[in-house]
Amino acid sequence: MSAAPAPADLLSQIRVNGEVPRHVAIIMDGNGRWARERMLPRPLGHRSGMKSVREVVEGAIEVGLEVLSLFAFSQENWQRPELEVAALMSLLEEYIQREADELDAQGVQVRMLGELDRLTPAARAAVDRVMKQTEHNTKLRLNLFISYGARAEIVRATKALAAEVAAGTRSVDAIDDAAFSEKLFTAGCPDPDLLIRTSGEQRISNFLLWQLAYTELYISSVLWPDFSRRELYGAILDYQDRDRRFGRVSA
Ligand code: IPE
Ligand code: IPE
Ligand code: MG
């Protein structure tokens, strides 16, 4: 059996192919199963997943993506056992503590998207700090979705538009796709070109329901803590072979 191609070779192939996605989104799944396979507690799976985050951020910069979106914690995840939720919140703080300067040095603009009011005060403070520290960076926009649910995001956008209509500052006819997009957490971001979900699950789990309308889907069987640049590059190479028709016929 031949050895798996080196990440550098995959990256060269991506460059030879040419056009890269502007925006890649990832549902980072499988930390719990990764831990269970090793008879470890679930939080250790989450901890191990942090290095995969570092890997994909570096990979995204190498490829030249504009936006990388990572689903880190859903609104539904608040229903997990208290200990697991607490472990995830402290990992978030630790991630920011450890990575903020490096992300800043790499030119990454960090944005945290979701119902941030539900975070612990310490986690909320860390989130605000890293967003402020990196707000002027332009190399890569990193969207970290925390306490995020797409249906709630859509309801929130609807209410914002309804309030403008009620106040008389917007006419009903001025509600269109663009106006709606501007009320979402992702305002100003292009829609994802590619969505990767790890751990083999074939569902969206309430992530970016509006924004994924014409996104290419890629399911990887790799569990998130084992996901590295190699898998990211593999997904992008697969994407480069797709024929995106947007409802039209091929050229
Ligand atoms: C993804 O891993 C991380 C979060 C959802 C917070 P999981 O914790 O969902 O791992 P599995 O799906 O149980 O393996
Ligand atoms: C989706 O994973 C949320 C994140 C990766 C943050 P889940 O593990 O929560 O999704 P389900 O429950 O398998 O659909
Ligand atoms: Mg899961």
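Residues numbered from 1 in each chain as written. Chains lettered and ligands numbered in written order. Predicted model: local features only at pLDDT ≥ 70, side-chain atom pairs only at ≥ 80, totals over all residues. Heavy atoms only, no water.

End to end, helix α4 (residues 82–105) covers 35 Å across 24 residues, agreeing with the expected 34 Å (1.5 Å per residue, within 8%). Along its length, α4 shows its largest kink, about 50 degrees, at Glu99. Residues Glu84, Val85, Ala87, Leu88, Met89, Leu91, Leu92, Tyr95, Ile96, Glu99, Ala100 and Leu103 constitute the buried set of α4. The secondary structure elements touched by the buried residues of α4 are α3 (42–63), β2 (67–74), β3 (108–113), α5 (121–134) and β4 (140–148). After α4 finishes, the residue Gly107 shows a positive phi value of roughly 85 degrees. (Helix = DSSP H or I, 4+ residues; strand = E, 2+ residues; numbered from the N terminus. Expected span 1.5 Å × (residues − 1). Bend = angle between axes of the 7 residues up to and from the residue. Buried < 20%, exposed > 50% of the residue type's maximum accessible area, 1.4 Å probe, protein only. Contact = heavy atoms within 4.5 Å.)

Here the focus is the site of ligand 1. Surveying the vicinity of ligand 1 reveals the residues Met28, Asp29, Gly30, Asn31, Gly32, Arg33, Arg42, His46, Ala72, Asn77, Arg80 and Leu88. In the environment of ligand 1, an oxygen atom lies 2.9 Å from a nitrogen or oxygen atom belonging to the backbone of Gly32. Coverage of ligand 1 by the protein amounts to 86% of the 380 Å² it exposes when considered alone. Those elements that place two or more of their residues in the shell around ligand 1 are α2 (31–37) and α3. A total of three residues in the shell around ligand 1 trace back to one element, the largest contributor, which is α2. Looking at the shell around ligand 1, its residues break down into three nonpolar, five polar and four charged. (Near = heavy atom within 4 Å. Polar contact = N/O pair within 3.5 Å; in protein donor to acceptor, adjacent residues only side chain to side chain. Areas by Shrake-Rupley, 256 points an atom, 1.4 Å probe, with all protein chains shown as cover. Nonpolar A, V, L, I, M, F, W, Y, C, P; charged D, E, K, R; others polar.)

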